[in-house]
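Observations on the model geometry
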Amino acid sequence: MRAVLLGPPGAGKGTQAVKLVEKYNVPQISTGDIFRKNIKEGTELGKKAQEYMNSGQLVPDELVVDLVKDRLMQDDCANGYLLDGFPRTIFQAQELDKFLAENGQKLDAVINFEVGYETLMERLTGRRICKKCGAGYHIKNIPPKVEGICDKCGGELEQRKDDTRETAENRIAVYEESTAPLIGYYTETGALKNFNAEKDHSVVFEEIVKELGE
Ligand code: AP5
Ligand code: MG
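Figured I'd write up the structure that's included with this text. (Residues numbered from 1 in each chain as written. Chains lettered and ligands numbered in written order. Predicted model: local features only at pLDDT ≥ 70, side-chain atom pairs only at ≥ 80, totals over all residues. Heavy atoms only, no water.)

1. So, the overall build of the protein
Per the secondary structure count, the protein includes 9 helices and 8 strands. Rg of the C-alpha trace for the protein: 17 Å, near the compact-globule value of 17 Å for 214 residues, within the 12% margin. Structurally, the protein occupies a C-alpha span of about 45 × 40 × 35 Å along its principal axes. Taking the contacts inside the protein whose residues are at least 6 apart along the sequence as the reference set, 70% of them involve residues at least 24 apart. Counting only carbon and sulfur atoms, one obtains 48% of the accessible surface of the protein, whose full area is about 11200 Å². With 29 positive and 36 negative side-chain charges, the protein shows a spacing of 4 Å between the two charge centroids. (Helix = DSSP H or I, 4+ residues; strand = E, 2+ residues; numbered from the N terminus. Rg over C-alpha atoms; globule rule 2.2 N^0.38 Å. Contact = heavy atoms within 4.5 Å. Areas by Shrake-Rupley, 256 points an atom, 1.4 Å probe, with all protein chains shown as cover. Lys, Arg positive; Asp, Glu negative; His and termini not counted. Charge placed at Lys NZ, Arg CZ, Asp CG, Glu CD.)

Rendered as structure tokens:
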């Protein structure tokens, strides 16, 4: 199964990806997670990406495309993968298409998450992430059993640096300008499948599985 999760910041891509990778047994390739890991580890890539991410801008295409292509060549991607947050520009989508053609692969679906602006802001500003294992929560919608503590590993929950109201607004604006055109791009290829992602996360999951098949 090869699929792209497409949607604005806070739409629920990461939340669904965690459930989908378990169901389909393919890796989640989240470019945002890869950059955050590099920032944490202080790598050269992390240093380059940090400024863009903290201000809600996209990391330049040239820092993203080869990274993803290398990742998709790894053994665990042989039977499929779930792209979360990539592609995010028309250029990235074209590069992905070239990669797929060169490797005799095809996307099964581009899952497009449709969510309104107010919901996105509420989800982003209420999101919490475990410092230790990266599990995601929301203070109201998907709260941990004990406030501030991860259910899975007992780690401390924190807010993502780019989840302040101001940066979240920037990220949504950047999405509208640079990423939303991919909806047209993938409508033309026939891969686009729209989902109302305002619904409860378990309902969204069921509807995606219905589309992708058991
Ligand atoms: P990235 O990490 O990809 O962030 P994003 O696209 O902004 O998306 P988010 O992770 O914020 O949202 P999500 O859709 O995963 O939502 P989630 O499931 O967490 O990218 C970060 C940055 O990295 C970018 O700004 C850019 O700088 C850079 N970058 C990354 N990829 C790049 C690329 N390809 N090119 C260039 N730059 C790149 O859910 C959000 C919240 O809502 C959570 O609290 C969750 O619990 C809750 N929630 C989820 N679903 C539901 C539901 N159905 N009902 C109620 N609450 C829900
Ligand atoms: Mg995410």
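2. What about the packing of aromatic side chains?
Tallied over the entire structure, the rule returns 1 aromatic pair. A centroid spacing of 5.0 Å and a plane angle of 85 degrees characterise the contact between Tyr185 and Tyr186, whose relative ring orientation is edge-to-face. (Phe/Tyr/Trp six-rings, centres within 6.5 Å; stacked < 30°, edge-to-face > 60°.)

3. Brief notes about the sheet that holds strand 5 (residues 127–130)
Ordered in space as 6-5-7, the 3 strands form an open sheet in which the pairing is antiparallel. The sheet is open, and its two edges are formed by strand 6 (136–138) and strand 7 (157–158), each paired on a single side. Note: strand 5 against strand 6, 3 bridges, orientation antiparallel. Directly across from Arg128, in strand 6, lies its bridge partner Tyr137. Strands strand 5 and strand 6 of the sheet are contacted by helix 6 (residues 117–126), whose axis makes an angle of about 35 degrees with strand 5. (Pairing = 2+ DSSP bridges. Axes fitted to C-alpha atoms, helices over the stretch in contact; angles between N-to-C directions.)

4. Things to note about the sheet that holds strand 3 (residues 81–84)
Within the open sheet, the 5 strands sit side by side as 2-3-1-4-8. Their pairing is parallel. Edge positions in the open sheet fall to strand 2 (28–30) and strand 8 (192–196), since each of these has one partner strand only. Neighbour-to-neighbour, the strand axes of the sheet open up by a mean angle of 20 degrees, direction not taken into account. Sheet topology places strand 2 next to strand 3; 3 bridges connect them, and they run parallel. The residue of strand 3 that forms the bridge with Ser30 is Asp84. Taken strand by strand, helix 2 (residues 31–41) contacts strand 2 and strand 3, and its axis lies near 65 degrees from that of strand 2.

5. Considerations on the pattern of salt bridges
Evaluation of the coordinates by the stated rule reveals 14 salt bridges. In this structure, Lys131 engages Glu156 in a salt bridge whose closest nitrogen and oxygen atoms are separated by 3.6 Å. Of this pair, Lys131 sits in the loop between strand 5 and strand 6 while Glu156 is found in the loop between strand 6 and strand 7, placing the two residues 25 residues apart along the sequence. By relative accessible area, which is 39% here, Lys131 ends up partly exposed. On the basis of relative accessibility, which here comes to 46%, the residue Glu156 falls in the partly exposed class. (Salt bridge = Lys/Arg side-chain N within 4 Å of Asp/Glu carboxyl O. Buried < 20%, exposed > 50% of the residue type's maximum accessible area, 1.4 Å probe, protein only.)

6. So, unusual backbone geometry
With omega at -5 degrees, the peptide bond leading from Phe86 into Pro87 counts as cis. Positionally, Pro87 belongs in the loop between strand 3 and helix 5 (90–102). The phi angle at Asn25 is positive, at roughly 55 degrees, despite the residue not being glycine. Its location among the elements puts Asn25 in the loop between helix 1 (13–24) and strand 2.

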